[in-house]
Amino acid sequence: MSESRLPSDVSGRLNTSVAHNARVWNYWIGGKDNYEVDQRVGEQVATMFPVIRDVARADRQFLRRTVRFLTADCAIRQFLDIGTGLPTLDNTHEIAQGIAPDSRIVYVDNDPTVLVHARALLTGTARGATDYIDTDVRDPDGVMEGASATLDLDRPVAVMMLGILNFVLDTGEARDIVRRIMASVPSGSYLVLTHPTTDTDLGGQGNVEAMQFWNENATPPITARSRAEISSFFDGLDVVAPGLVSCSQWRTEPGSDSVLPQFGALARKP
């Protein structure tokens, strides 16, 4: 990626001397929207925690399965994708509108690199709508205000929070963000969430050293949480079977995928 291609208002916010999560994640899944510093840090983390590329791919596959399930099986036509990251194959709007062309999608991120690629997200179907808002997840009121320009908040919304709450280091604050966002959408809405864990039954002990290295060499800082802490984000919601599981095993064929230290779940607001 060339910094000279970036608009001045974005390049002024962009720090290419420090690895950034959106770009490193893009590197792990085989994308090209990253810099040498992202590749170096990404390789070091992968050396320390070899399953990280599998985690990145499994997280993306989980998104595909959940969006298909919500669109085809639950008749959801509105999606709020918070912390969307850099666009790649099978973005939320492409999956949803491929099934239901009238689906409406709002992407939320505040990373300047993602902002550069926002136009790539704004290519939905004529019958539906696709929008992008530059807002931080830590401002849930701002998120919902921005989303209301495209989404009808009197109708059910699928709130997608894949790999985003791990950047909110305080668990109480993260829980409050989820509570406030879900309070802003009506009954019949859904929360879809993935989150890294240190739980040993998912192989998460390897996250400890890798995340320490990340926090010393990249941005933004990250944390992993236990099953109980992640479960608390779904308080007051009805978790859909199979519940909170490794995201690589959510509604896949038994034994088809290995267990990875990234929880995933989908829940309905009663």
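Keep in mind that this is a model prediction, so the values were computed, not measured.

(A) Region of the structure containing the packing of helix α2 (residues 21-28) against helix α3 (residues 36-48). Direction vectors running N to C along α2 and α3 enclose 65 degrees, while the axes themselves pass 9 Å from each other. The orientation of α2 relative to α3 falls into the category roughly perpendicular. Where α2 crosses over α3, the handedness of that crossing is right-handed. Residue-level contacts link Arg23, Val24, Tyr27 and Trp28 of α2 to Val37, Asp38, Gln39, Gly42, Glu43, Val45 and Ala46 of α3. The residue inventory of the contact of α2 with α3, partitioned by class, reads six nonpolar, two polar and three charged.

(B) Main features of the packing of aromatic side chains. Per the stated rule, a full pass over the model turns up three aromatic pairs. Where tryptophan 25 meets tryptophan 28, the ring centres are 6.0 Å apart and the plane angle is 70 degrees; that geometry is what we call edge-to-face. Linking tryptophan 25 with tryptophan 28, this pair stays in helix α2, spanning three residues, or about one helical turn. Using a relative accessible area of 24% as the deciding quantity, one classes tryptophan 25 as partly exposed. Residue classification places tryptophan 28 among the buried residues on the basis of a relative accessible area of 5%. Where phenylalanine 69 meets tryptophan 250, the ring centres are 5.9 Å apart and the plane angle is 80 degrees; that geometry is what we call edge-to-face. Placement of phenylalanine 69 in helix α4 (residues 52-73) and of tryptophan 250 in the loop between β9 (245-246) and β10 (262-268) is noted, with a sequence separation of 181 residues between them. For phenylalanine 69, a relative accessible area of 12% puts it in the buried group. Residue tryptophan 250 is classed as buried on the basis of its relative accessible area of 0%.

(C) Fine view of unusual backbone geometry. Here the bond from threonine 219 into proline 220 is cis, since omega is -10 degrees, no more than 30 degrees from zero. Along the chain, the position of proline 220 falls in the loop between β7 (218-219) and α11 (227-231). The linkage connecting alanine 241 with the following residue, proline 242, adopts the cis geometry, with an omega of 10 degrees. By the element assignment, proline 242 lies in the loop between β8 (238-239) and β9. We note that alanine 75 has phi near 60 degrees; this positive angle belongs to a residue other than glycine. Structurally, alanine 75 can be placed in the loop between α4 and β2 (78-82). Notably, arginine 251 is not glycine yet its phi reads approximately 55 degrees, a positive angle.

(D) Up close: helix α5 (residues 92-99). Residues Thr92, His93, Ile95, Ala96 and Gln97 constitute the buried set of α5. As for α5, its buried residues are in contact with α4, β2, β3 (104-109), α7 (118-121) and β4 (129-134).

(E) Region of the structure containing the pairing of β2. Extensive coverage of β2 is indicated by the burial of five of its five residues. Of the two faces of β2, the one lined by Gln78, Leu80 and Ile82 and the one lined by Phe79 and Asp81 are each fully buried. Pairing of β2 with β3 involves five bridges; the strand directions are parallel. Across the sheet, residue glutamine 78 finds its bridge partner in β3, namely arginine 104. Alignment of β2 against strand β5 (residues 158-162), held across three bridges, turns out to be parallel. Each bridged residue has a counterpart across the sheet, and for aspartate 81 the counterpart in β5 is methionine 160.

(F) The packing of α4 against α5, seen in detail. Running from amino to carboxyl end, α4 crosses α5 at an angle of 30 degrees, the nearest separation of the two axes being 9 Å. The hand of the α4/α5 crossing is right-handed. Across from Leu63, Arg64, Val67, Arg68, Thr71 and Ala72 in α4, the residues of α5 making contact are Thr92, Ile95, Ala96 and Ile99. A breakdown of the residues in the contact of α4 with α5 according to their chemical character gives six nonpolar, two polar and two charged.

(G) How the structure looks around the pattern of salt bridges. Under the definition given, this model contains eleven salt bridges. Note that aspartate 136 and arginine 138 form a salt bridge whose closest N and O atoms lie 3.5 Å from each other. Given a relative accessible area of 25%, aspartate 136 falls into the partly exposed group. Salt bridges here are not isolated pairs; linked through shared partners, they connect Asp141, Asp176, Arg179 and Arg180.

The rules we used
- Residues numbered from 1 in each chain as written.
- Predicted model: local features only at pLDDT ≥ 70, side-chain atom pairs only at ≥ 80, totals over all residues.
- Heavy atoms only, no water.
- Axes fitted to C-alpha atoms, helices over the stretch in contact; angles between N-to-C directions.
- Helix = DSSP H or I, 4+ residues; strand = E, 2+ residues; numbered from the N terminus.
- Parallel < 35°, antiparallel > 145°, perpendicular 65-115°, else oblique.
- Left-handed = near helix turned anticlockwise from the far one by under 90°.
- Contact = heavy atoms within 4.5 Å.
- Nonpolar A, V, L, I, M, F, W, Y, C, P; charged D, E, K, R; others polar.
- Phe/Tyr/Trp six-rings, centres within 6.5 Å; stacked < 30°, edge-to-face > 60°.
- Buried < 20%, exposed > 50% of the residue type's maximum accessible area, 1.4 Å probe, protein only.
- Pairing = 2+ DSSP bridges.
- Salt bridge = Lys/Arg side-chain N within 4 Å of Asp/Glu carboxyl O.

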